[in-house]
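Analysis of the macromolecular model
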Amino acid sequence: MRPLFFILGFLAFLPFSMAQRHLLPEHRGEGVPGPVDNSFVIVWESVPGATGYEYVLSDNRFCFKGCAGDTRESVTRDTFATEFSLQPDIPYYWITRIFFANGDTSDWTLISRFNTTPVDIRPLFVAAPSPLVGRQLQLFIDWAATPDIQSLDWELIDLQGRRVRPTGSILRGSSIFRVQDYTVDLSGVSPGIYQISVSPKASDGTLLRSIQQKIILQ
């Protein structure tokens, strides 16, 4: 009976010990630019049974609440947030925790870090999350990285270079939004390692050099 009691006790403790996974930016990765200058997007993992998430972002890795410094705190039902008015080219640190329907709250996660990088070295797009659980892939496109481009073509290819999904097009959205998110439905795609290939298209219709990012389907 003791082993069974121990297992049941451990399972009851899971909501408190369950760790959030920060998907974007990756740990110690570059900040993903937001819709206006000095804004950045952070994304965390969706957890079954969660009714909300709390995150704290700070420029001081030793202080996340009630201290001097650029510290923010927010509760959201989404699994992403946009932070504004961040200082350029410095590291920011962030943690999350989960709220459950039964009133339980998870522990805070380990600390993740990203840098607010200068505009001229930011990527055109970021695919998140990877590894991808489920079949909805989100692309975050920073149109400021290619101001003369009005559309992108994308395709999903396997490790043999074979196209898995028909080519799709992404049209530039409203000019007031710098970053655009685009969802790719990967229903029916077998688990494995793939490349999402994105090709900027010039105003005359010419496709420019494509950019690839690895994704993992589980």
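In this report, we go over the structure that sits alongside the text. (Residues numbered from 1 in each chain as written. Predicted model: local features only at pLDDT ≥ 70, side-chain atom pairs only at ≥ 80, totals over all residues. Heavy atoms only, no water.)

Remarks on the pairing of strand E7 (residues 80–83)
Look at any regular strand and the pattern is simple: side chains alternate between the two faces of the sheet. Side chains Ala81 and Glu83 of E7 all project onto a buried face; the interleaved residues Phe80 and Thr82 project onto a face where none is buried. Pairing between strand E4 (residues 40–44) and E7: four bridges, direction antiparallel. Across the sheet, Phe40 pairs through a bridge with Glu83, a residue of E7. (Buried < 20%, exposed > 50% of the residue type's maximum accessible area, 1.4 Å probe, protein only. Helix = DSSP H or I, 4+ residues; strand = E, 2+ residues; numbered from the N terminus. Pairing = 2+ DSSP bridges.)

A short note on the side chain of Ser39
Mapped onto the fold, Ser39 is located in the loop between strand E3 (32–33) and E4. On the accessibility criterion, Ser39 (1% relative accessible area) is buried. In this view, Ser39 contacts Val32, Pro33, Gly34, Thr82, Glu83 and Phe84; residues no more than four positions away in its chain are not counted. (Contact = heavy atoms within 4.5 Å.)

With respect to the sheet that holds strand E14 (residues 179–185)
By definition, the strands of a sheet pair up through backbone hydrogen bonds, in either a parallel or an antiparallel sense. The three strands lie next to each other as E10-E11-E14, forming an open sheet whose pairing is antiparallel. The sheet is open, and its two edges are formed by strand E10 (125–128) and E14, each paired on a single side. Taken pair by pair, the neighbouring strands of this sheet meet at an average axis angle of 20°, ignoring direction. Pairing analysis gives seven bridges linking strand E11 (residues 136–142) to E14, with the strands arranged antiparallel. Looking at E14, one finds that Phe140 is bridged to Asp181. (Axes fitted to C-alpha atoms, helices over the stretch in contact; angles between N-to-C directions.)

Focus: the sheet that holds strand E13 (residues 168–171)
Within the open sheet, the four strands sit side by side as E13-E12-E15-E16. Their pairing is antiparallel. Two strands bound the open sheet, and with one partner strand each, they are E13 and strand E16 (211–217). Neighbour-to-neighbour, the strand axes of this sheet turn through a mean angle of 30°, independent of strand direction. Direction of pairing for strand E12 (residues 151–158) relative to strand E15 (residues 192–201): antiparallel, over a ladder of eight bridges. Bridge pairing in E15 places Leu152 opposite Pro200.

A closer look at the pairing of strand E9 (residues 112–115)
Only one face of E9 is buried: it carries Ser112 and Phe114, and the other face, with Arg113 and Asn115, is open. Looking at chain direction, strand E8 (residues 91–100) and E9 are connected through four bridges and run antiparallel. Paired with Tyr92 across the bridge in E9 is Phe114.

Some details on the state of the cysteines
By the definition in use, this model includes one disulfide. In this model, Cys63 is linked to Cys67 through a disulfide, with the two sulfur atoms separated by 1.4 Å. On the sign convention where negative means left-handed, the S-S torsion of about -125° between Cys63 and Cys67 marks this disulfide as left-handed. Look at Cys63 and you get buried, because its relative accessible area is 12%. Given the relative accessible area of 29%, Cys67 is considered partly exposed. (Disulfide = S-S within 2.5 Å.)

Some details on the packing of aromatic side chains
For the structure shown, the criterion picks out five aromatic pairs. Ring centres 5.6 Å apart and planes at 35° place the aromatic pair Trp44 and Tyr55 in the tilted group. With a gap of eleven residues between them, Trp44 in strand E4 and Tyr55 in strand E5 (residues 50–58) connect regions that are remote in the sequence. Both rings, one in Trp44 and one in Trp94, keep their centres 6.5 Å apart while their planes meet at 55°; by these two values the pair is tilted. With Trp44 in strand E4 and Trp94 in strand E8, this residue pair connects regions lying 50 residues apart in the sequence. Taking relative accessible area as the criterion, Trp44 reaches 1% and is therefore assigned buried. Judged by its relative accessible area of 0%, Trp94 is buried. Aromatic ring contacts, followed pair by pair, group Trp44, Tyr53, Tyr55 and Trp94 into a single cluster. The aromatic ring of Phe62 is capped on one face by Arg61, whose charged end is 5.8 Å from the ring centroid. (Phe/Tyr/Trp six-rings, centres within 6.5 Å; stacked < 30°, edge-to-face > 60°. Lys NZ or Arg CZ within 6 Å of the ring centre and 35° of its normal.)

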